[in-house]
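Residue strings, one per chain:
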Amino acid sequence: MAARLFSDFSPSGQDAWQKQAEKELKGRLKTLSDWKIGVDLHLAPYLTLSETDPETMAAMQACQKKIPGWQNIPSVNFTDPRKTNVAMKQALANGAEVILLDLGNTDLIHCEFPKLLHGIRLSDTAIYFRTGENAGDVFKEISKNAGYYLKGGIAFDPVAHWMRTGKSFADKLNALVSVLNQTRNMREFRAYMVEGHLFHNNGATLVQELGMMVSATVNYIDLLTDQKISPLLAFNRAWFSISIGTDFLAEIAKLRAFRFLLKKIADAYQIPHELCTLFIHAQTSTFYNADAAPYTNMIRASSEAMSAVMGGCNGLTVMPYDHQLKEQNDFSDRIARNVSSILSHESALAYVADPAAGSYMLEKVSLDMADKAWELFLEMEEKGGFVKCFETGFIQNQLNAALSHRIKDLSEGKVMIGINKYSEDTDTGIFNRKNDHAGSPYLTDKNLSQCFKASALTAIKP
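Residues numbered from 1 in each chain as written. Predicted model: local features only at pLDDT ≥ 70, side-chain atom pairs only at ≥ 80, totals over all residues. Heavy atoms only, no water.

Q: What am I meant to see in the sheet that holds strand β9 (residues 192-195) here?
A: The strands making up a sheet associate through backbone hydrogen bonding, with each pair oriented either parallel or antiparallel. As summarised here, the arrangement of the five strands in space is β3-β12-β11-β10-β9, forming an open sheet in which the pairing is parallel. The strands lining the two open edges of the sheet, one partner per strand, are β3 (71-72) and β9. Across four bridges, the pairing between β9 and strand β10 (residues 238-244) is parallel. From the neighbouring strand, Y192 faces β10, where its bridge partner is A238. (Pairing = 2+ DSSP bridges. Helix = DSSP H or I, 4+ residues; strand = E, 2+ residues; numbered from the N terminus.)

Right under this line is the structure:
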């Protein structure tokens, strides 16, 4: 059938493509050939099988997700026990499959868990509790009268918390070990988070995000195995949570490269691949959110969500377009949930496990990105590992340089998804944000939107 279908067409190569592209782009082909997504990292506009390595490409595909689909995990902010309970039930009745419950800085005693979880069985419905509290205290509260088996987990990264606040993670690590021991038989309960949001929100490049997350993962496995936790348990019970930015194709490659890198880590600890229950949670970026024109955030979040699911996330949180401006409301919450539902049910992206497989461009850039991230990881290992690299300022220096470069690009007119090029006359367009952690050893989570205002959709000028 294939031979008959294509027998009337002569073979076409890169030269023919380039001539046609030059003709259609009228001399602007250089903009495609110089499609940079990082230092010494770029997307090639045209690739063929002959320009790829089939063996490494097969290795990349082999470690990707095998089961199609993902979980729709909206974020719900805690307000008071009864209102939050209603909000969670409403979300679950309207497309949500799992809840990411952000407790913020609320003291656990004020959460009143019996009221908060009324009518929600944690043995049936997974809830991830985002908090800065001790994992042992959280588990004690949620496990009361909840049966012998819980789903969901605790979305808290003790080491990242130390990097933000300077508060020691030793006690929190001991509590984590206790929770891991108590939940050995709860295969769907993830006791801790390895988060990439901290790096992303401080301006990290794609390679830095991956390299630092891999280093953080190794740090946790080493810390936990020192406490007699097996590498398999430490690896499987982590909730890998990563932000997805606005570079559509590059972010697809980032997630695929992340799986490839985690497979290398699992192999290094002799964790059998068939026993791994890796869970990657993707969250649309808050780093680039616009304050002046929140509807622009819908466009960005939709692109980021597509990157996440095409890159192979297991769970997706689409942040409401106005979440940084005020308390969430029913409309913005519904729009955020529906992005995931539309991609799943109407775009049919949930029917294929690895939609990007076979795209030579994406396969190659995924491998290139993984290689460079692995180089950064090895460099950090040579410098003493993840914690040591933070204590000596290596991580902060890397992020400062990346953030400065990112601000420079956007201030000079680099266009990203949504509207940032055509600004209203009242917008200054000046990027005057200083690096928040300059002169401080700790990192912050300030959004880039605090240093510029995107124009409103109605402000586009002809």
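Q: Is there a simple way to think about helix α8 (residues 158-165) in this case?
A: Helical geometry: 3.6 residues make up each α-helical turn, so side chains three or four residues apart lie on a common side. For α8, a buried count of six out of eight residues is recorded, marking the element as mostly surrounded by other parts of the structure. Residues of α8 that are buried in the fold lie against α9 (170-182), β9, α10 (197-200), α11 (206-225), α17 (386-391) and α18 (394-411). For α8, the side-chain oxygen to backbone nitrogen distance between the N-cap and V159 is 3.1 Å, and the N-cap itself is D157. At the C-terminal side of α8, G166 shows a positive phi close to 85°. (Buried < 20%, exposed > 50% of the residue type's maximum accessible area, 1.4 Å probe, protein only. Contact = heavy atoms within 4.5 Å. Polar contact = N/O pair within 3.5 Å; in protein donor to acceptor, adjacent residues only side chain to side chain.)

Q: Honestly, the sheet that holds strand β4 (residues 75-77) in this entry has me stumped. Any pointers?
A: What the five strands build is an open sheet, ordered β4-β5-β6-β7-β8; its pairing is parallel. Of all the strands in the sheet, the pair left with one neighbour each is β4 and β8 (189-190). Of the strand pairs in this sheet, β4 and strand β5 (residues 99-104) are connected by three bridges, and their pairing is parallel. When the bridges of β5 are listed, S75 appears paired with L100. Across the face of the sheet, helix α5 (residues 81-92) comes into contact with β4, β5 and β6 (127-131) while running at roughly 160° to β5. (Axes fitted to C-alpha atoms, helices over the stretch in contact; angles between N-to-C directions.)

Q: How should I be thinking about α5 in this particular structure?
A: Taking 1.5 Å of rise per residue, 12 residues should cover 16 Å, and α5 covers 17 Å from first to last C-alpha, within 8% of that figure. Among all positions of α5, only P81, T84, N85, M88 and A91 are buried. End-on view of α5: buried residues confined to an arc of 130°, all on one side of the axis. Within α5, the exposed residues directed more than 90 degrees away from the buried face are R82, K83 and V86. (Expected span 1.5 Å × (residues − 1). Arc of directions from axis to C-beta.)

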